[in-house]
Every structure is written in C-alpha cells, then in structure tokens.
Amino acid sequence: DHRATREVFDAGSYFQLAKDEDGDLHAVVLQDIDPSDDPNAIFLIDHAWTFTTDNNKPRDMLTTVPSLLGRMENLMHIAVEDAADIDARIHVVLQTMWKFVNSYRLGHLKPEEAATIWYVMDEFGSAIEHSDDPTFRMAPFYYANAQCAFSLLWPTDRVEAHDFATLNYVAARDDDTRTVLCSALFYPDGQAYSSELAEIVARRRLHHSASHLHNETQFNRDNESVPTETASNTNELPTPIKIWTEQRVLC
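Residues numbered from 1 in each chain as written. Predicted model: local features only at pLDDT ≥ 70, side-chain atom pairs only at ≥ 80, totals over all residues. Heavy atoms only, no water.

A.B. asks: Just checking my understanding: could you explain a negative patch on the surface for this structure?
C.D. replies: On the surface, Glu21, Asp22, Asp24 and Asp189 cluster together into a negatively charged patch. Assignment of secondary structure puts Asp24 in the loop between strand E1 (15-19) and strand E2 (25-29). (Patch = residues over 30% accessible without salt bridge, like charges linked within 9 Å, V, L, I, M, F, W, Y side chains within 5 Å. Areas by Shrake-Rupley, 256 points an atom, 1.4 Å probe, with all protein chains shown as cover. Salt bridge = Lys/Arg side-chain N within 4 Å of Asp/Glu carboxyl O. Lys, Arg positive; Asp, Glu negative; His and termini not counted. Charge placed at Lys NZ, Arg CZ, Asp CG, Glu CD. Helix = DSSP H or I, 4+ residues; strand = E, 2+ residues; numbered from the N terminus.)

Structure representation (structure tokens):
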C-alpha cells in the first residue's frame, strides 16, 4: 500500500476527535465506511512513544526526550499540578501508561532474543475506546524498509458517519475471564464489569466445590483395595465389616 511506503496518515479525512460533555475524547467516524466497496478502507496510526523496559528505559526517555512527558500527560488525560516536580510527573505517567500501551515482538528473531517492544499510539489511536462489540480491528505492522512500526486499523463491517470508532482491547478464552480483565483494565471506571465480579466469584466457587467433591470421591475410590486372599479364606471377619460396591467402601 502506498500509504505505508509514503507514511501517509490519512485518518483525519475519515475520523475526528470530539469531546463529550464530560470532557472525554472519542474517535468519531466522519463518513460512511464500507469495506466491501472501498478496498482502501485501512488506515495507518502512528506510534507516539515506543520503548522497551530494559534498564529503566521508559523513565530515562521521559526525562531526556523533549516534550515527551507533556505529550504523554495530555494523551493520558493526566491533570498536572502546578507545584509538581518532574520526578512526580514521571511517576504518574509510568503508573498510568499501562492502560494505553500495546506490544509486539519481531518475528525474525529467536524467542530469547526478541524483547517485547511496547508502544503508545498517537492521540487519535489512543482515543479509540473499548467495546465488547467493536466496529474496528487493529494490529501492529512493522515496515522493514523504513524500520519503523505503525498500527493498521480497518472496519469489521459497514460503519456509518457519526459512529464511534471502537476496538476490543481484551482477548480472553471465556466471558468470565474477559469481564475480570476489563474490570481491572478500566478500574475505577469499569463499573459495568466490576458489578459482575461477585456473581462470577460465587459461580466459580460453586463449580470449584463440585469439582473438589468429585475429586475427593475419586481419590477415595482410587485408594480402595480388594479383600486379601487370607482374609477371605478364614472364618474370622474383619471388624468393622467392609462391603465393596461399585461406588465406594462402606463401613
């Protein structure tokens, strides 16, 4: 695609950032997008900050790279107090950034050599919110010719103008796991997910108790033994008398 070779970030022609009454930013679709009619309905998103966690790299970059700290504070909607010093501001960014970071590894390297590369998308990409029923999908893309990475964004189905661009940021093997992960990721604002935690815990405890009872019963059966030949050939009966059934030992 020519947009990758020329690094054309044309999402501004299709989306805009808009604030709601609470001041939260949303990525809003400006025009209808139908992937079945438009083969170019795939968009590049730039990465505002790329780093590894080796040798305290994130803190060093926030300290030494001009304007990076202020940009991350704005992108992450961090309110900065006038009296806050640099170290305190950096600490807040380092605590907050995990709600905004994504990661990838370079596939041509051996697993032991491929360090995890973390990145924060630009202001537009970071404004795309989570949804359990997303309108878009996204994946990191490493362009070897330029030795840089972008994120590719594309619609999963027809999207109408004025819809929000949304993504599913949480991949999980089942609904309970997804709910728990979303509750942690969006804390303290994920009330819709955290309100389900008590029910999930109760249900899983009940399942665990049933599984434990089954395992205990199986354990008892596995430790049963048949009567010895000596005991069966004598006139003396063991006390108490043991009765072997297909289920378990009864005394």
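A.B. asks: Honestly, the pairing of E2 in this entry has me stumped. Any pointers?
C.D. replies: Note on strand geometry: in a regular strand, side chains alternate between the two faces of the sheet. E2 sits mainly inside the fold: four of its five residues count as buried. Where E1 folds back on E2, the antiparallel hairpin that results is connected by five residues, among which Gly23 adopts a positive phi of roughly 85 degrees. (Buried < 20%, exposed > 50% of the residue type's maximum accessible area, 1.4 Å probe, protein only. Pairing = 2+ DSSP bridges.)

A.B. asks: When you look at helix H4 (residues 86-96) in this model, what are you seeing that I'm missing?
C.D. replies: Residues lying three or four places apart along an α-helix face the same way, a consequence of the helix completing one turn every 3.6 residues. Along H4, the residues classified as buried are Ile90, Val93 and Leu94. Along the axis of H4, the buried positions cluster into a sector of 100 degrees, meaning they face one direction only. Residues of H4 that are buried in the fold lie against strand E4 (47-51), helix H2 (57-64) and helix H3 (68-75). (Arc of directions from axis to C-beta. Contact = heavy atoms within 4.5 Å.)

A.B. asks: Teacher, can you tell me more about the layout of surface pockets here?
C.D. replies: In this approach, a probe sized like a water molecule rolls over the atoms, and the result shows the empty space that is left. Considering only enclosed or pocket space, the largest pocket measures out at about 1100 Å³ in volume. In terms of lining, the largest pocket is formed by 29 residues, of which the most central are Lys99, Phe100, Ser126, Glu129 and Phe186. Contributing elements (two or more residues each) for the lining of the largest pocket: E2, strand E5 (101-104), strand E6 (117-121), helix H5 (123-127) and strand E7 (129-130). The element contributing the most residues to the lining of the largest pocket is H5, with four residues. Tallied by class, residues from the lining of the largest pocket come to 15 nonpolar, nine polar and five charged. Considered as a void within the structure, the second largest pocket measures approximately 320 Å³ in volume. Forming the boundary of the second largest pocket are 15 residues, of which Asn102, Met138, Ala139, Asn168 and Tyr169 lie nearest the centre. Elements supplying a minimum of two residues to the lining of the second largest pocket: E5 and strand E8 (136-143). The greatest single-element share of the lining of the second largest pocket, amounting to five residues, is contributed by E8. Considered class by class, the residues forming the lining of the second largest pocket number eleven nonpolar, three polar and one charged. (1 Å grid on protein atoms, 1.4 Å probe; cavity = no way out; pocket = protein on both sides within 12 Å on 5 of 7 lines; lining within 4 Å. Points joined across faces, edges and corners; volume = space filled by probe spheres on them. Nonpolar A, V, L, I, M, F, W, Y, C, P; charged D, E, K, R; others polar.)

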